[in-house]
Amino acid sequence: MDSAEAQTYGLVETALAAGKSVYVPRCRGQQMDMVRITNLLGLKPNTWGIPEPSDSEPAVDPNTLDFILVPGVAFDATGNR
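Rules used in this analysis
Residues numbered from 1 in each chain as written. Predicted model: local features only at pLDDT ≥ 70, side-chain atom pairs only at ≥ 80, totals over all residues. Heavy atoms only, no water. Helix = DSSP H or I, 4+ residues; strand = E, 2+ residues; numbered from the N terminus. Rg over C-alpha atoms; globule rule 2.2 N^0.38 Å. Buried < 20%, exposed > 50% of the residue type's maximum accessible area, 1.4 Å probe, protein only. Contact = heavy atoms within 4.5 Å. Areas by Shrake-Rupley, 256 points an atom, 1.4 Å probe, with all protein chains shown as cover. Polar contact = N/O pair within 3.5 Å; in protein donor to acceptor, adjacent residues only side chain to side chain. Patch = residues over 30% accessible without salt bridge, like charges linked within 9 Å, V, L, I, M, F, W, Y side chains within 5 Å. Salt bridge = Lys/Arg side-chain N within 4 Å of Asp/Glu carboxyl O. Core = buried A, V, L, I, M, F, W, Y, C linked by side-chain atoms within 4.5 Å. Pairing = 2+ DSSP bridges. pLDDT = per-residue confidence, 0-100.

## Side note on the overall build of the chain
The helix and strand tally for the chain stands at one helix and five strands. Secondary structure of the chain in N-to-C order comes out as α-β-β-β-β-β. Its C-alpha atoms give the chain a radius of gyration of 13 Å, within 12% of the compact-globule value 12 Å for 81 residues. Going through the 81 residues of the chain one by one, you find that 20% of them count as buried. When contacts within the chain are restricted to residue pairs at least 6 apart in sequence, those whose partners lie at least 24 apart make up 43%. For the chain, the accessible area works out to roughly 6,100 Å², and carbon and sulfur atoms hold 54% of it.

Structure below.
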């Protein structure tokens, strides 16, 4: 995993341990969707080395989520990473 990326494992582990529903992004070409996880064990590195759920896991409508945290090193004026 790129060391320049914000590390969120601790935050995710804490949320899961507290019984929270946790969703993480999965990239499919230019499309990014959100997938619920129940642990970190099923995540596999993608093309950029960032762990994400497998393609077999169902995506959810992001409009149903209450809070989205998007860590990133840099964004442009239109919100692209």
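## Topic: the side chain of R26
Relative to the elements of secondary structure, R26 occurs in strand β1 (residues 22–28). Given a relative accessible area of 0%, R26 falls into the buried group. A polar atom in the side chain of R26 sits 2.7 Å from the backbone oxygen of E57. If we ignore the near neighbours within four places in the chain, the residues touching R26 are Q31, M32, D33, V35, E52, P53, S54, D55, E57, P58 and A59.

## Comments concerning a nonpolar patch on the surface
Residues L11, F67 and L69 make up a contiguous nonpolar surface patch of about 370 Å² in total accessible area. Along the chain, F67 falls in the segment after β5 (59–60). Judged by relative accessible area, F67 falls into the exposed class, the value being 69%.

## Re the nonpolar core
By size, the foremost hydrophobic cluster in this structure holds six residues: V12, V22, V24, I37, L40 and L43. Not counting residues within four places of it along the chain, the set of residues in contact with L40 comprises Y9, V12 and E13.

## What about the sheet that holds β5?
Read across the sheet, three strands follow the order β1-β2-β5 without closing on themselves; strand pairing throughout is antiparallel. The outermost strands of the open sheet, each flanked by one partner alone, are β1 and β5. Here two bridges tie strand β2 (residues 31–37) to β5, and the two strands are oriented antiparallel to one another. From the neighbouring strand, V35 faces β5, where its bridge partner is A59.

## Structural notes on the pattern of salt bridges
Evaluated as defined, the whole model comprises three salt bridges. Here R26 ties to D33 by a salt bridge, and the two come within 3.2 Å at their closest N and O atoms. Taken together, the shared-partner salt bridges connect R26, R28, D33 and D55 into one network.

## Considerations on the confidence of the model for the chain
When the pLDDT values of the chain are averaged, the result is 87; 94% of them are 70 or greater. Looking over the chain, one finds the lowest element-wise mean pLDDT in β1, namely 91, and the highest in β5, namely 95.

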